[in-house]
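Descriptive structure summary
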Amino acid sequence: MSTSQSSTCVYVRDDAHGWLPANVLSYDTAAQTAKVVVTIPSSTVGASSASSPATTTEERQIDLASYDSQTLPLQNVDENGRPIVRDDMCDLPSLHEAAILYNLRARHHRCLPYTRVGDIIIAMNPFQWLEGLYADDVREDYVDKLVWREGTAIGGGDDPRDGLAPHVYETSSSAYRGLAVDDTHQSILVTGESGAGKTETVKIIMSHLASIQTSSVDDAAAAAAPVPGAAPNTPAGEHISHHPRDNAVVRRVLDSNPLLEAFGNAKTVRNDNSSRFGKYIRLQFDVEDATQAAYQGRSVPTCLLAGSYCETYLLEKSRVVGHEAGERNYHIFYQLLAAPQDAKAAIWDGLMDDSAVFRYVDDGSGGGDAAAAAATAVTTIEGQTDGEKWQHTVEALETIGIAGDKMRTLMRSMCVVLQLGTLTFAADPDNEDGSIISSSADLTKLASLMGVNVDDITQALTFRTITAGGRGNDSYTVPLRVDAARDGCDAFAKEIYAKSFNWLVEAINSATCAEENYGHADEVDDFGIIGLLDIFGFESFKVNRFEQLCINYANEKLQQKYTLDVFSSVQEEYEYEGISLGDLEYQDNADVLGLIEGRMGVIAVLNEECVRPNGNDTSFVSKIKTINKEAAPLVDDRLHKPTEFAIQHYAGAVKYDASNFVTKNTDTLPRDLVGCATKSDNELIAGEFLNATKSKAEQEAATKPGRGRSSAVTVSTTFRSQLSSLMTNIGETKTRYVRCIKPNPQKKPLEVDLLSSTEQLRCAGVVAAVNVSRAAYPNRLMHSTALERFSCLSSVAMTGREESDSDSDGEEKKEDNSQDGADDRVAVEKLLNEVLKSMETSAEDGTATKAFAVGKSRVYFRQGALEYLEAGRLKALGVYAIRIERIVRGFLARSDFLYKKDCAIALQSAVRCHIARSQFLDMKDAATDISCWVRCVNAKVELVRLRRERASTMLQAQYRAMVARKNYEACRSSAVDIQKIARGSIQRPKYRVALKEAKEEAVVNKKIAALQKRLAEAEMKLIKANGGVVRVASKEPSAAEESKEEEVGEVAEKAKVPTDEVAEQPKSSLARAAASGIDKQLMDDSLAMIGVLKKEVFELRSKNFLLRTDMDELKVSHKNLQSQHASLSLSHDALKQNNAQTLKAKKDMLFQATREKKQAFDAKRKLMKENESLQKQVEQLQKQANEKNSAHKSELARLRAENDRLKAKEIRQNDRAAGGTLTRAAASITAPVTPPPMRRAAFNSRRGTFNADDVPPRHSARNEADDEWKLVAPKSANSGRSSEGRNPGGSKRRARGTRAGRRAKGRSSPASSEASREPCSPGSVLASPNRGGASKRRSGPSPKGMPRVTSVSSFSSETSSKSSKNKILPYKKSASNVKAPKGVETSISSSTKATKSMKRINSSLGLAAAAGAEKGRS
């Protein structure tokens, strides 16, 4: 790895800040990386301010592959590391995106909002008023130096802008001079995002252009250059004084811009006075003839502002009916609501109603009340309230001739829009597919305001006329649903506002255009034009709709024009410097424009979809992706929705949501609403809609046969034609650019959001312009600067300059700047030819391309050349720096060492004391921590207990509440049943009594009727008997008769018989009785009957009174029961809420338990997988151990056979030497004997031990009495395992964990002690012969297939037994009672030595086998 150490100032990319300054620590050329230290601003995220310069540093590893030419962009710093700040960024040594960003940031912190890049002005909104920036003396200074004084072209002399700070005045002054001197139409394009200051910049430019012609005569005369033959005292401004009446036109032109703001601007989240439309204002000038100006002694003709003409684009109509929270509708609505009371009364009396609610001017929160409207009415915009703005709007309207009835008509159209927002719609009760206007009062107000019948408005808003057949012969009306009616009402309001806005623009143009208002229009053949374009900047939001597509389409067209203009300026610069431009490549957006406006582009497909009968947004997107799938700018992402597509614009990729594209592009108003508008008595509304209808009819009539609806005019088609016309007009002019930048979204002064500003620079095309200007040679330096910085790399440059100086000394020296420049050019060329020789590239034809080019005044470097020179310069200077650093560091190191030595001695005691004290404090803290931890553990345990107790208490409470609730419900149900039964039992007898009384009353009535009939018959008989003559008693009735009459009246009242009739009958009867006494008995009976009936009626009245009293008591009881029922309902609701909370807690507990079960199951499954893998590893290790054991066994068998052979040979030799007397004694000691055949050793795999009856014992003795072989178990630490670990009966169950087994470990039972003395039984276990507890640790279960090894000797015996089934092992007899003869002691001792050597061999073999077994087990 080749690593070069250097330290240079660069910029690196950052996601949060865009670009950050950094210092390079090292480069890794092999890995294409660099280690840098980044400086990060510590103020708000992504922002930096002059008031908070604190920063932090961070070390990062940068991948150079993501940067152009694998090099980091350099910072523009001087020798002391301070940043270089330039008024014109073309003078920066390194010009790139980061350099532009930080140059603008530095100037913004110095309250310098304007910066230039060549002829382009970048304006960064300061968000504060800068005193003196737009003063009259500043304005006159720019006019004097840039307009009236004669300038020169590139290379013809000094730049007239030298000595002037960048300002928007230089753009307007240059445009004015270009129109006056060059007689070329001018255009100034002002772009930027909302809140960047476009509108204010346009107003400043307009004011400056209008004020140039009013410059003083003396200043103009002083600035004018004298012309031979002209009068020396002729004033330059004489032409201005010829037409003083034109000041009224200037005033109209200047007042028209605020008027457009009132109707076309609104408060948004980004800007309080945001233009919601685009406009192109063409200022018309009366340009003086150059010859006439020359005759008058002026080199610069004057230009008089004669008028203006405005064109508007894409008014945001959707804002009329709705806006986001924190935003407002158009300013004119709030100004109208804030107008004085007399003005409101003159316009419409509905504005006087304080309770009126206008939905369209709501604050966005949805409240829609009058208080919210009143709150918005006092909002200040640019320091003025809406009431103050209203006065300015009225004055501006009067200036352009809109006053009196015209103004009232315009404002009433605004009131119509407001009143449409108050209408509410509801479903038609008679037709579920229809709707009605539910706010009848508002509808009446609207009808009165528009002058249209209420029925006509209702019909137009709630019904739709559909024409069948396409010729209008058959038509029918269909009702509209509530949503469709509401949408139609909003569309009607938007269209009325758009028509009113267009009418106002036409009125402004009529009042300001030079052809109709300039006094000398007939004398002017062609007016000079300075166009001001204030149009929306590039937009990219989270959701981009049809409006964003049109806006970005316009910006693409402007960017194409901008790129071509920059390319032309670069070409002029290179030609002046004498540098060949060659094939310059730059980013061209022709493919993007082709995708949008091409023959099968987005607009064409959208128009086709609009005229198709079943056209929809999804089909539109599908066709775009299918037809233009090969187009590079079209981004087709699989994650896009069916209505989404993306386009790669010059500023980045933008994803569009095509929902409602077809509807918005069509933008047609139904004929019902158009017809309703034409019936209005408002001349503005009716006239505009009639004109639109006529123009549409003329267009349809002009449509060629066969084309059908394909020629329908859509919004995109209209906008495309307007944009084409705009670009044509701009193309005929000299274009100048002003790019507005919004430094931070918070609108705070002196703060710059680096990331937001970077994105705006890209959207404004500034970076693209820089890329074009620096495509061939990105970096440039003046000749003197290059010599000064890089002369340390070679001595050729200094030599060349010295030679040129010596040559000039021989001649007569002259102060000639061109000669000095030529010398510097030669010196720079010699220097760079030597230093940059390695960076030359060769073409196929053998021509070499240098990494630099030397011009007349500057030297230009190709990509990476300047960075290479800077790195070499730092490396060359580093050699000298290292020498200086070595001496200084030595001095500092010695001084530091002596100081540290003196301090160390003084500090040692303090340090030791401190260490001891620290240790004590640490121990104290540790003890405190431990005690705290113990208390915490106890507290946690107590907390768990309390939580469980609390949970159980809550569960009990909930359970008891549930039981009580169930009991209450059961009791309540029972009580209701009982009440039903009781009330029924109470009411049934009463009902029977009432029924009985009703029947009796009916009988009485029947009897009364019969009596009345009989009385009538008797009276008729009496009349007939008397011959028709009835004598009447005296007029004064007697007391008896009066009492009878009263009785008759009471009877009639009870029987519901008219009193007169009842009274007449007794009178007739009395008369008859007086006349004749025939029927006296009948009369008496009747009177008796009447008395009985009277008595019965009295009883019935008493019963009725009692029943009424009972009814009142029942009502009171019913009210009490209702109150009790309400209280019980509240208690029931509380119980239900408590039960719901309990159920929720139970669900949470169940969910937690389920989650914990799942975690436990996952852990268990994971452990099982790990166990399986471990088992496989154990099996593999076991296999390896078995192979090694087999090798060990074979080697052991060979050694044992060799041992037996040597023993037999030695015994035979001793026998020959000592004779036959030693044979039996020696054989009894050392000779191998052949015991009875032994069975193969059986291994208990479960217990990991061998059975003693299957293994030949290592220690044996022969009983002399019976001459039998006996096995003697050696004593060791594990000798009692058999009796302790098993039952005497031979059971395999261990007794270690039982109580009997634990007792057996302390003392041996008689059976176990007897077993230790007797020969080994089948139940005995082979134990280790080691003593002293050498093998106390019991070996665990061995791996599968491996015997458990308790000691070295046992392992050797086990492996030997396992390797050979019937192998005869050597045994030693017990020689305790055998005495050898004296003659054979030598032979015995030699035999004993041989035996000991064999023991050592066996021991070594056993150790080796044990080691192998241990390795296999591990």
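Whatever comes next refers back to the structure up there.
These lines cover the structure that appears in this document, whether it is placed above or below. (Residues numbered from 1 in each chain as written. Predicted model: local features only at pLDDT ≥ 70, side-chain atom pairs only at ≥ 80, totals over all residues. Heavy atoms only, no water.)

**Some remarks on the sheet that holds strand β18 (residues 528-534)**
Strands in a sheet are paired, the pairing made by backbone hydrogen bonds, and the direction either parallel or antiparallel. Pairing is mixed across the open sheet formed by 7 strands, whose spatial order is β7-β8-β22-β9-β18-β12-β13. Strands with a single pairing partner mark the edges of an open sheet, and in this sheet they are β7 (114-117) and β13 (303-313). Taking the axes of each pair of neighbouring strands and ignoring which way they run, one obtains an average angle of 20° across the sheet. Pairing geometry for strand β12 (residues 278-287) and β18, over 7 bridges, is antiparallel. From the neighbouring strand, Gln284 faces β18, where its bridge partner is Ile529. This element, helix α1 (residues 97-109), spans β7 and β8 (120-124) of the sheet and lies at about 155° to β7. Most of the contacts of helix α4 (residues 198-212) go to β18, to which it runs at about 160°, and overall it touches β7, β9 (186-191), β12, β13, β18 and β22 (734-741). (Pairing = 2+ DSSP bridges. Helix = DSSP H or I, 4+ residues; strand = E, 2+ residues; numbered from the N terminus. Axes fitted to C-alpha atoms, helices over the stretch in contact; angles between N-to-C directions. Contact = heavy atoms within 4.5 Å.)

**A closer look at the pattern of salt bridges**
Think of it this way: side chains of opposite charge can pair up when their charged atoms draw near. A full pass over the atoms with the stated rule returns 47 salt bridges. Across the pair Arg116 and Glu170 runs a salt bridge whose closest N-O atoms are separated by 2.7 Å. Pair noted here: Arg116 is in strand β7 and Glu170 is in helix α3 (residues 168-181), with a separation of 54 residues, a long-range link. Of the two residues, Arg116 and Glu170, both sit in the buried class. One network of salt bridges, with partners in common, ties together Arg116, Asp119, Arg161 and Glu170. (Salt bridge = Lys/Arg side-chain N within 4 Å of Asp/Glu carboxyl O. Buried < 20%, exposed > 50% of the residue type's maximum accessible area, 1.4 Å probe, protein only.)

**Some remarks on the pairing of strand β2 (residues 9-14)**
By the bridge criterion, 6 bridges tie β2 to strand β3 (residues 18-28) in an arrangement that is antiparallel. Paired with Asp14 across the strands is Gly18, a residue of β3.

**A short note on the packing of aromatic side chains**
For the structure shown, the criterion picks out 20 aromatic pairs. Seen from their ring centres, Tyr562 and Tyr737 are 4.7 Å apart, and the 75° between their planes marks the pair as edge-to-face. Taken as a pair, Tyr562 in helix α17 (residues 546-577) and Tyr737 in strand β22 lie far apart in primary sequence, 175 residues in all. Since its relative accessible area comes to 1%, Tyr562 is described here as buried. We classify Tyr737 as buried; its relative accessible area is 4%. With 6.3 Å between their ring centres and 90° between their planes, Phe645 and Phe661 make a pair best called edge-to-face. Linking Phe645 in strand β20 (residues 644-649) with Phe661 in helix α21 (residues 661-666), this pair joins segments that are 16 residues apart in sequence. Both residues of the pair, Phe645 and Phe661, belong to the buried class. An aromatic cluster is present here, built from Phe546, Phe620, Phe645, Tyr656 and Phe661 joined pairwise through their rings. Over the ring of Tyr67 we find Arg13, and its NZ or CZ is 4.5 Å from the ring centre. (Phe/Tyr/Trp six-rings, centres within 6.5 Å; stacked < 30°, edge-to-face > 60°. Lys NZ or Arg CZ within 6 Å of the ring centre and 35° of its normal.)

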